[in-house]
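Coordinates in review
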Amino acid sequence: MDNDTSDSPKAPGARMARGGSEPVPRQPDLPQPDPGSQDLAQEVVQEAAAADLDPASAGAEDDDEERLPEVAEEPSEAVPEGPLAVGHAAIEHAVRHAPTSPGVYRMLNAANDVLYVGKAKNVRKRLSSYARVSAPQPARILRMIAATVTVEIVSTATETEALLLEANLIKQLRPRFNVQLRDDKSFPYILITGDHWAPQILKHRGAQSRPGRYFGPFASAGAVNRTITALQRAFLIRSCTDAFFESRTRPCLLYQIRRCSGPCTGEIDFPGYTGLVREARDFLSGRSHLVKQELASEMEKASADLAFETAALYRDRLAALSAIQSQQGINPRSVEEADIFAIHQEGGYSCVEVFFFRTGQNWGNRAYFPRAEKSFTPEEVLASFLAQFYDDKPPPKLVLLSREIEESALLAGALSIKAGFKVEVSTPRRGEKKELVAHALTNAREALGRKLADTATQGRLLQGLATSLGLPRQPRRIEVYDNSHIQGTNAVGAMIVAGPDGFIKNQYRKFNIRSEGLTPGDDYAMMREVLQRRFKRLMTPAAEGDAAGPKADDDSFPQWPDLVIIDGGRGQLNAVREIFEGFGLTQVSLLAVAKGPDRDAGRETLFMPDRDPLKLEPRDPVLYFIQRLRDEAHRFVIGTHRKLRKKDIREAGLQEIPGIGPSRKRALLHHFGTLKEIERASIADLGKVPGVSAESARKIFEFFHAQPG
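Attention here is on the structure that accompanies the text. Since the structure is predicted, the reported quantities are computational estimates derived from the model, not experimental observations.

1. Let's talk about the packing of helix α5 (residues 159-173) against helix α12 (residues 378-389)
Where α5 contacts α12, the two axes come as close as 8 Å, and the packing angle between them is 85°. If you check the angle between α5 and α12, you find them roughly perpendicular. Here Leu163, Ala167, Ile170 and Lys171 of α5 come into contact with α12, specifically with Ser384, Ala387 and Gln388. When the residues that make up the contact of α5 with α12 are grouped by side-chain class, the tally is four nonpolar, two polar and one charged.

The structure is reproduced here in C-alpha cells:
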C-alpha cells in the first residue's frame with residue numbers, strides 16, 4: 001500500500017456513565033479514537049499512572065522477536081464466596097443504570113485499577129451475564145468478578161464505535177484480564193520524497209507528513225534497508241540528505257559503485273533522473289513486470305547498437321530487481337494487497353504470525369506473542385489481537401485469518417470506516433489464499449517453538465544466577481546500570497532490563513546527568529543520581545497506595561527489579577547501597593561487577609552487600625550470562641553517549657577542536673561536504689585538505705574517535 005496522506009476518520013460522540021450514577025449529557029462531536037486523535041481515550045485514562053522514568057528511551061531494530069509474556073496459572077482452589085458476593089453486588093448495581101445500547105464497560109478493583117475492558121451491543125444484557133450468581137463461569141471470570149468493586153460505562157452510537165474504543169482502551173490501560181498486544185511499534189515505510197527536484201529514497205517511520213509517496217508497511221527495518229539497497233542498484237536513486245546533496249562538487253562513492261546516478265553534480269539530467277524515479281514508483285506500486293520488460297527492451301537495444309557498457313548497466317539493474325523479488329520469498333498471483341494472520345497455541349502461550357503483501361509482493365512477516373490467560377481460545381485471542389493491531393495502523397483491502405472469528409463482519413465494518421474503502425475479513429478454505437495462510441501458520445508454530453526453547457534456556461540461567469549469588473528467589477526482572485562520559489562531558493546513565501525471555505528492550509531507559517556542581521568524571525555521584533531518579537519514581541506511586549516497595553503481580557512483567565547490577569567495584573556498590581538504605585529498600589538484591597585485571601573478561605569479581613567478594617569459574621555459564629548483561633548495558637550507554645556528543649558537535653561546529661579556526665573549518669567542509677564525512681575520514685584523508693597539517697589531522701581524528709569512559 002502506498003499513501004500520500006495519513007488522515008484519520010472521525011466518528012460521532014459518546015456519552016459516559018459510571019455504574020450507580022446518572023448518565024452524563026451527550027457531548028457533541030467527540031472524535032473517535034484513532035492514532036492521531038485520542039481525546040476520548042485520554043479522558044477515560046487521565047487517572048492512569050504516568051510512564052516510568054524519563055520518556056526518552058532507545059531499543060534495537062524492530063525485527064527482533066518480542067519476548068514471551070508471563071502467563072498466570074489458573075488457581076485450583078475455589079474463589080471465596082465473600083469476594084464473589086461483593087463483585088456480583090457491584091455489577092448488579094451497574095446493571096440497573098446500564099444502557100441497552102452499544103457501549104464499552106470497564107471493571108475496576110479497590111485500587112481503581114482497570115481489570116477488564118469489554119464491549120457489547122447491549123451493555124445491560126452483557127453485564128447481566130456477569131451478575132448471575134448461579135451461572136457457571138471459567139476460573140478467570142470468577143477471579144475478575146471477585147476483584148471488581150465498580151463498573152464504568154461508555155455508551156457509543158454503534159457497535160463498530162464500541163469495537164474501536166475497546167481496542168484503544170485495552171492498549172492504553174493494559175487490563176490484566178484482557179488479551180494484550182504487547183508491541184504496538186509503528187511499522188517502517190519506504191518514502192520517495194516529493195519536495196525536491198531530485199527525489200530521495202529513504203526509510204520512514206512515524207507520521208506521514210513529509211510530501212512524497214509512501215510504500216509499505218514492511219515487517220521490519222531490516223526488510224526496508226535490504227529493499228532500499230536493491231532499489232538503489234536497480235534505479236540509481238539518491239539516498240543522501242538534501243544538505244549533503246547541495247554541498248557536493250564531485251560525485252560521492254555511491255556513484256562510483258553504481259548505486260546512484262549522480263544528479264547532485266549533473267551526471268544525469270533532470271528528464272533522465274525523473275524517468276528513474278518514475279520506474280521506481282511503478283515497481284513499488286505493483287507494476288514490476290512492466291518495469292522489467294522496459295529494462296530488458298533497453299538492454300537489447302543497447303546491445304544491438306554495440307553499446308555494451310550501457311547494456312551491462314541495464315543487465316545489472318534487472319538482476320537487482322530479481323534479487324528484490326527473490327528475497328521476498330513467496331509472491332502470490334491472486335493476492336494484490338493483504339495482511340495474513342495465523343495463530344498457534346502451545347504450552348499456555350500464543351503466537352500470531354503476520355505476513356504483509358502489497359502490490360502482489362511479500363513485504364515481510366513478523367511474530368507477535370500477545371499476553372493472554374490459558375483459558376482464552378485461539379479465536380478469542382485472534383479477535384482481540386486484530387482490533388488492537390489496527391488501532392494505529394492502516395488496514396489493507398483484504399485480511400486473511402487462520403481461524404474464523406465470531407465478529408469478523410463487525411471487524412470488517414470497523415476497518416472499512418477507518419480505511420475509507422471496503423475491507424474484507426475472511427478465512428479461506430481452498431486455493432492460493434489457503435496456501436498462504438497455511439504457510440503463515442507454519443511460521444507461527446516454528447516461531448513459538450523457538451521462543452519456548454529460548455525461554456527454557458533463559459530460565460535455567462536465571463535459576464543458576466539465583467543459586468550462585470544466594471538470592472532468595474529466581475529473579476524475574478533484572479536491571480543493569482552503567483554511565484558514560486568523556487572527562488565529564490555529555491555524561492549519561494543508562495538502564496537495561498532483562499527477564500525470563502531475555503532483554504526487554506522497550507523498557508530500556510537513559511538518564512541525562514544534570515546535577516549542578518558535579519565533579520567532572522565522578523562516577524559515584526553519577527551512579528547515585530541515576531539510581532535516585534529511578535527509585536524515587538518507583539516509590540512515588542507506592543507511597544500513595546497501601547505500602548511502599550515492590551508488589552507481587554503474577555500476571556504481568558514487574559516494574560520493580562528483583563536484582564540490580566551495576567558496573568563497578570566496592571565503591572559503586574556502597575554508593576548504591578546508601579540510596580537503597582535511604583529509600584528503605586530491602587527486597588531488591590544488589591550486585592556490582594568489577595572487571596578483572598587488565599579488563600580481562602572471565603576474571604570479574606562480584607561484590608554483594610555484607611558478603612565476601614565472589615569469583616565464578618571462567619567457564620561458568622552464569623558468569624557468561626552476567627558478562628552479557630553488563631556488555632549490553634555498556635553497548636546501550638555508549639550508543640546514547642555518542643548520540644549526545646554528535647549533537648553537541650553539530651551545534652557547536654568544528655571550532656570545538658583545538659587549533660581549528662574558521663579558515664580550516666571552511667577548507668574541511670569544502671573538501672568533504674558535510675560534518676559526517678569529516679568524522680568518517682582517516683588521518684591520511686584529513687591531511688590531504690589544504691591548510692591542514694599532519695598534527696591538525698591527528699587532533700581532528702582523535703576528537704571524533706575518542707573513547708568515552
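2. Concerning the pairing of strand β19 (residues 589-594)
Across the six residues that make up β19, a large majority, six, are buried. Side chains of β19 alternate between two faces, with Ser589, Leu591 and Val593 and Leu590, Ala592 and Ala594 buried alike. Relative to β19, strand β18 (residues 563-567) is paired through five bridges, and the arrangement is parallel. Its bridge partner being in β19, Asp567 is matched across the sheet by Val593. For the segment spanning β18, helix α16 (residues 570-583) and β19, crossover handedness is right-handed. Relative to strand β20 (residues 605-607), β19 runs antiparallel, the two being bridged by three bridges. The residue of β20 that forms the bridge with Ala592 is Phe607.

3. Overview of the sheet that holds strand β13 (residues 424-426)
Pairing is mixed across the open sheet formed by five strands, whose spatial order is β11-β10-β9-β12-β13. Taken across any chain shown, the strands that pair with only one partner, and hence form the sheet edges, are β11 (361-368) and β13. Here the average twist between neighbouring strands, direction ignored, is 15°. With three bridges joining them, strand β9 (residues 338-346) and strand β12 (residues 398-401) adopt parallel strand pairing. Opposite Ile340, over in β12, you have Leu400 as the bridge partner. Along the sheet, α12 contacts β9, β10 (349-358), β11 and β12; its crossing angle with β9, the most-contacted strand, is approximately 140°. Packing against the sheet, helix α14 (residues 431-469) makes contact with β9, β10, β11 and β12, and its axis sits at approximately 45° to β9.

4. Considerations on helix α13 (residues 408-419)
An ideal rise of 1.5 Å per residue puts 16 Å on twelve residues; α13 measures up with 16 Å between its terminal C-alpha atoms. Taken together, the buried positions of α13 are Leu410, Leu411, Ala412, Ala414, Leu415, Ser416 and Lys418. For α13, the elements touching its buried residues are β4 (114-120), α5, α12, β12 and β13.

5. So, the environment of Phe672
Here Phe672 is to be found in helix α18 (residues 662-672). Classification of Phe672 as buried rests on a relative accessible area of 11%. Sequence separation between Phe672 and Ser247 is 425 residues, and the spatial gap between their C-alpha atoms is 9.0 Å. Not counting residues up to four positions away in its chain, the partners in contact with Phe672 are Arg248, Glu677, Ile678, Ala681, Asp685, Leu686 and Val689.

6. A few points about the packing of aromatic side chains
As enumerated under the stated definition, the model contains 15 aromatic pairs in all. Centroid distance Phe535 to Trp560: 6.1 Å. Interplanar angle 45°. Geometry classified as tilted. Within this pair, whereas Phe535 is found in helix α15 (residues 523-544), its partner Trp560 is found in the loop between α15 and β18, the two being separated by 25 residues in sequence. In this pair, the class of Phe535 matches that of Trp560, namely buried. Counting every residue linked through ring pairs, the aromatic cluster contains Phe341, Tyr368, Phe385, Phe389 and Tyr390. The ring of Phe376 has Arg140 lying over it, and the distance from NZ or CZ to the ring centre is 3.9 Å. Positioned over the ring face of Phe389 is Lys393, at 4.9 Å from the centre of the ring.

7. Observations regarding unusual backbone geometry
Positive phi, close to 60°, is recorded for Leu236, a residue that is not glycine. Note that Leu236 resides in the loop between α6 (221-235) and α7 (242-247). Judged by relative accessible area, Leu236 falls into the buried class, the value being 9%. With a phi close to 60°, Arg258 is a non-glycine residue in the positive phi region.

8. Observations concerning the side chain of Arg534
By the secondary structure assignment, Arg534 is in helix α15. Arg534 sits in the buried class, given a relative accessible area of 0%.

9. With respect to the pattern of salt bridges
Under the counting rule described, the total for this entry stands at 23 salt bridges. For Arg577, the salt bridge identified is with Glu581, shortest N-O distance 3.4 Å. Taken together, the residues Arg577 and Glu581, both in helix α16 and four residues apart, mark about one turn of the helix. In this structure, the salt-bridge partner of Asp610 is Arg577, at a minimum N-O distance of 2.7 Å.

10. Regarding the state of the cysteines
This structure, assessed with the given rule, holds zero disulfides. Unpaired in this structure, Cys264 has its nearest cysteine sulfur neighbour in Cys252, at a distance of 6.0 Å.

11. Brief notes about the nonpolar core
Counting 32 residues, the largest nonpolar core has Phe341 and Phe389 as the members making the most contacts within it. Listed by contribution, the elements that provide at least two residues to this core are α5, β9, β10, α12, β12 and α13. In terms of residues, this core owes the most to one element, α12, which gives six residues. Ignoring anything within four residues of it in the chain, the contact list for Phe389 reads Leu181, Phe187, Phe341, Val354, Phe356 and Tyr368.

12. Notes on the side chain of Ser261
In this structure, Ser261 sits in the loop between α8 (253-256) and α9 (270-284). When neighbours within four sequence positions are excluded, Ser261 is seen to be in contact with Leu236, Tyr255, Glu267, Ile268, Tyr273 and Leu276.

13. Here's the deal with α18
Along α18, the residues classified as buried are Ala667, Leu668 and Phe672. Around the axis of α18, the buried residues are gathered within 110° of arc, so they sit on the same side. Away from its buried face by more than 90 degrees, α18 exposes Pro662, Ser663 and His670.

Procedures and definitions
- Residues numbered from 1 in each chain as written.
- Predicted model: local features only at pLDDT ≥ 70, side-chain atom pairs only at ≥ 80, totals over all residues.
- Heavy atoms only, no water.
- Axes fitted to C-alpha atoms, helices over the stretch in contact; angles between N-to-C directions.
- Helix = DSSP H or I, 4+ residues; strand = E, 2+ residues; numbered from the N terminus.
- Parallel < 35°, antiparallel > 145°, perpendicular 65-115°, else oblique.
- Contact = heavy atoms within 4.5 Å.
- Nonpolar A, V, L, I, M, F, W, Y, C, P; charged D, E, K, R; others polar.
- Buried < 20%, exposed > 50% of the residue type's maximum accessible area, 1.4 Å probe, protein only.
- Pairing = 2+ DSSP bridges.
- Right-handed = clockwise from strand over helix to strand, strands pointing away.
- Expected span 1.5 Å × (residues − 1).
- Phe/Tyr/Trp six-rings, centres within 6.5 Å; stacked < 30°, edge-to-face > 60°.
- Lys NZ or Arg CZ within 6 Å of the ring centre and 35° of its normal.
- Salt bridge = Lys/Arg side-chain N within 4 Å of Asp/Glu carboxyl O.
- Disulfide = S-S within 2.5 Å.
- Core = buried A, V, L, I, M, F, W, Y, C linked by side-chain atoms within 4.5 Å.
- Arc of directions from axis to C-beta.

The values are spatial; any link to function lies outside them.
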